[in-house]
Amino acid sequence: MGGALDRWWFAPVSPRRVRILSVVVYLFLPLDMILFTGGVWGNAGNPSGYRPVLVARLLHLPGANPALVYALFAVVVGAALIAAWGRLPRAAGYTVAAGYLYWALLAMSYGKVDHDHLALVVALFVLPTAVRAGEQAAGWAIRCVQIAVVAAYFLSAYAKIRHGGWEWPNGATFQWAVSRRGTFFGEFVASLPGALLVGQWVVLLAETAAPALLFTRGRVLYAGVGFFALFHLMTWAAITIHFLPHVICLLAFLPLERAAIGGKRARRGTAGQPATVVGDGAVEPVS
Amino acid sequence: MRGGLSRQGKAWRLAAAGAVIAALGYGTVLGDDDLFPFGPMVQYAFSIPPDGEIKSLHLHAETAAGTRVEIPIEPYYVGIRRAELEGQLSRYLARPELLQGLADAHARIRPGDPRLTKLIVVTKVITLRDRRPAWTTNVERLSWVVR
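Parameters and conventions
Residues numbered from 1 in each chain as written. Chains lettered and ligands numbered in written order. Predicted model: local features only at pLDDT ≥ 70, side-chain atom pairs only at ≥ 80, totals over all residues. Heavy atoms only, no water. Salt bridge = Lys/Arg side-chain N within 4 Å of Asp/Glu carboxyl O. Buried < 20%, exposed > 50% of the residue type's maximum accessible area, 1.4 Å probe, protein only. UniProt positions renumbered as here; feature names shortened; annotations may be inferred. Helix = DSSP H or I, 4+ residues; strand = E, 2+ residues; numbered from the N terminus. Contact = heavy atoms within 4.5 Å. Buried area = accessible area lost by both parts, 1.4 Å probe. pLDDT = per-residue confidence, 0-100.

**Student:** Would you take a moment to explain the pattern of salt bridges for this structure?
**Tutor:** If the charged atoms of two oppositely charged side chains come close together, the side chains can form a pair. If you walk through the whole model with that rule in mind, you get 11 salt bridges over all chains. We note a salt bridge from Glu53(B) to Lys55(B), for which the minimum N-O separation is 4.0 Å. The class for Lys55(B) is partly exposed, based on a relative accessible area of 48%. Several salt bridges share partner residues, and in doing so they unite Lys112(A), Asp114(A), Arg81(B) and Glu84(B) into one network.

Right, here's the structure in full:
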């Protein structure tokens, strides 16, 4: 195993960051299942609309029906609350991951597939692997979430060119979005000459540059995370698309372990320096 | 070394990450939405020419109260999302009776609203000139008299 590769994938991270991210993700799930993938509740009454995606077909997953939807919701939310509480974190965590993946597959199997859940699904599967497994395991789990976040941006830039062609940034795609679901704010932005055209270029270039988040640290990294958070805020204000399942995973880039939550002070290094974190300075493993 | 992973612990983690990245790469370059969650990130991944058209589906309805209203195509009105109706429009065009399901869902979800007697699916076409909306027309696509 190459030394640099090894250090990049397994840079020690405080398990506290994994723990805090887990709590955020697990408490977010019930909200997601009611509001964002809440279409599943409606799909339970639409058996003829079931068009299972490949993974659902391979696993022979039945379509939504009222009993199944209630049971799945209860299992996932129950396990998520147990895991957030810190009990049985591994068993409860994997239960949530598998159950929520089924839920997400149901949400995407009725004619429309959304693309804001990649990082969340990845997080659900990797977070339990870091339970009581040390700082390198925590580093790998955090790295995976970070890669998923970056991949969602970079791959969507690629998809815009693959499907929309090189004329994408000079087209009227953002006007299309505003015309179909624009808010008052969105209509206002659209009325500014050139604003949507500039916006298309900024989004395409920023998505293309997103992998830089994996190789920067400190203020540059936080500025990058802040930029994407602002981008999602603007998108939400303009066309009510919030990408929240993805946005909460941006937290994986931040030194959450330094936050004083639940009365516990952040753990500090022996010299009073912040503990080593991925993307925030030293990547040499602590020996 | 504190917090260190064994060789085996690292190996399976790298293999798993590699497999997921490979699946995503395949889905992005060659796949489609069917490969969820490994499909391409195609949100807004299409071009609208600066002098092109913007089309959107709308659901209009005549009610037992004698009014004609627009019904939002949302789970909390008709049990499905607009994008789902758009994704399956050809199926609805071939079998308009599928609209009965939307009317049934509406009656179930919003029992307090006036009963729907006829559903009309309309395509709203906004014509662009230099990336700005110039004019709008409505085209009726299919309709269904509710049983």
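**Student:** Would you explain the UniProt feature "transmembrane region" (unreviewed entry) in chain A in this entry?
**Tutor:** All names here are of chain A. In the numbering used here, UniProt assigns the feature "transmembrane region" (unreviewed entry) to residues 20-41, 67-85, 92-111, 140-159, 188-208 and 243-261. Here residues 20-41 is 91% helix and 0% strand, with 30 Å between the C-alpha atoms at its ends. Annotation note: span residues 67-85, helix share 100%, strand share 0%, distance between end C-alpha atoms 27 Å.

**Student:** Explain the interface of chain A and chain B to me, please; I cannot follow it from the model alone.
**Tutor:** By a widely used convention, the size of an interface equals the accessible area lost when the partners come together. Chain A puts 74 residues into the contact, and the matching count from chain B is 56 residues. Between chain A and chain B the total buried area reaches about 5600 Å² when both faces are included, carbon and sulfur atoms providing 59% of it. Broken down by secondary-structure element, the contributors of at least two residues to the side of chain A that touches chain B are α1 (3-9), α3 (39-43), α4 (54-58), α6 (89-107), α8 (135-164), α9 (173-181) and α10 (184-191) of chain A. Here the side of chain A that touches chain B gets 16 residues from one element, more than from any other, and that element is α8(A).

**Student:** How should the side chain of Gln43(B) be read in this particular structure?
**Tutor:** Mapped onto the elements of the fold, Gln43(B) is located in the loop between α1 (7-30) and β1 (53-63). Filtering out sequence-adjacent residues up to four positions away, Gln43(B) remains in contact with His115(A), Ser156(A), Lys160(A) and Phe243(A).

**Student:** What am I meant to see in the confidence of the model for chain B here?
**Tutor:** Predicted coordinates in areas of low pLDDT are best not read in detail. Overall, the prediction assigns chain B a mean pLDDT of 92, with 98% of residues at 70 or greater. Per-element confidence in chain B ranges from a low mean pLDDT of 88 for helix α3 (residues 82-87) of chain B to a high of 95 for α1(B).

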